[in-house]
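# Breakdown of the fold
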Amino acid sequence: MSQRLFSPNRCNHITQKVRIAGQCTLYLSVDDDTQPAEVFLRLKGSNCSTESIGLYDVIARLLSLSLQYGALTEKIGDLLAEAQCAPWGSVSGHARLKHYSSLPDLIDQHLLGEHCGRHQPPHVPPSTK
């Protein structure tokens, strides 16, 4: 796709708040659509540097632009998969995700699970209630 898909002036978002390895909190907000076009990331915590916060803001903007120009959510998720950098470890506050190798890996697992139906170990599959 060579033309940019713009988001409407108002759209519904789903925000997931997760605590990461007891170090910081990530707010991951994605528009509520089968093919999302907008991602927001907010990183908070006493040991989150201004540089880290700014970096994840830039990552969210690049993810959004990629989606708006037609990149598939699954392709973006695959590119982020298993990136390894600090922080990493356990996740609290998410029903399925329990462990990750980096914040990009956590974003990948969230996007693939919520928007593509791909649930991979060591993550917990959704309940079938």
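The paragraphs below set out a description of the structure included in this document. (Residues numbered from 1 in each chain as written. Predicted model: local features only at pLDDT ≥ 70, side-chain atom pairs only at ≥ 80, totals over all residues. Heavy atoms only, no water.)

### Regarding the side chain of serine 29
This is how it is decided: Helix and strand definitions here come from DSSP, where helices need a minimum of 4 consecutive H or I residues and strands a minimum of 2 consecutive E residues; each element is numbered from the N-terminal end. In protein, a polar contact means a hydrogen-donor-capable atom and an acceptor-capable atom, both N or O and within 3.5 Å, with residues adjacent in sequence counting only if both atoms are side-chain atoms; elsewhere, any N or O pair within 3.5 Å suffices. When checking whether two residues touch, look at their non-hydrogen atoms; a contact exists if any pair is within 4.5 Å.
With respect to the helices and strands, the residue serine 29 is situated in strand β2 (residues 24-31). Polar side-chain contacts of serine 29 include one of 3.1 Å to the side chain of threonine 15. Excluding its chain neighbours within four sequence positions, the residues that come into contact with serine 29 are His13, Ile14, Thr15, Glu38, Val39 and Phe40.

### Quick word on helix α1 (residues 50-68)
Stated precisely, the cut-off is as follows: In a helix, the anticipated span is given by 1.5 Å times the number of residues less one. When a residue's accessible area, from a 1.4 Å probe over protein chains only, is under 20% of the maximum for its type it is buried; when over 50% it is exposed; and in between it is partly exposed. The directions from the helix axis to the C-beta atoms are what the arc is built from.
Across its 19 residues, α1 extends 27 Å between first and last C-alpha, which sits within 8% of the 27 Å expected from 1.5 Å per residue. Within α1 the residues assigned to the buried category are Tyr56, Ala60, Leu63, Ser64, Leu67 and Gln68. When α1 is viewed along its axis, its buried side chains cluster within an angular range of 130° and face the same direction. Within α1, the exposed residues directed more than 90 degrees away from the buried face are Thr50, Glu51, Arg61 and Leu62. At its buried positions, α1 is contacted by β3 (39-44), α2 (73-80) and α3 (103-115). Residue glycine 70 follows α1 closely and has a positive phi angle near 100°.

### Topic: α3
With 13 residues, α3 should cover 18 Å at 1.5 Å per step; its first-to-last C-alpha distance of 18 Å lies within 8% of that length. The element α3 is extensively covered by neighbouring structure, given that twelve of its 13 residues are classed as buried. When we look at burial in α3, the residues that qualify are Leu103, Pro104, Asp105, Leu106, Ile107, Asp108, Gln109, His110, Leu111, Leu112, Gly113 and His115. Looking one or two places after α3, you find glycine 117, whose phi comes out positive at around 70°.

The quantities given are spatial measurements derived from coordinates; they are silent on function.
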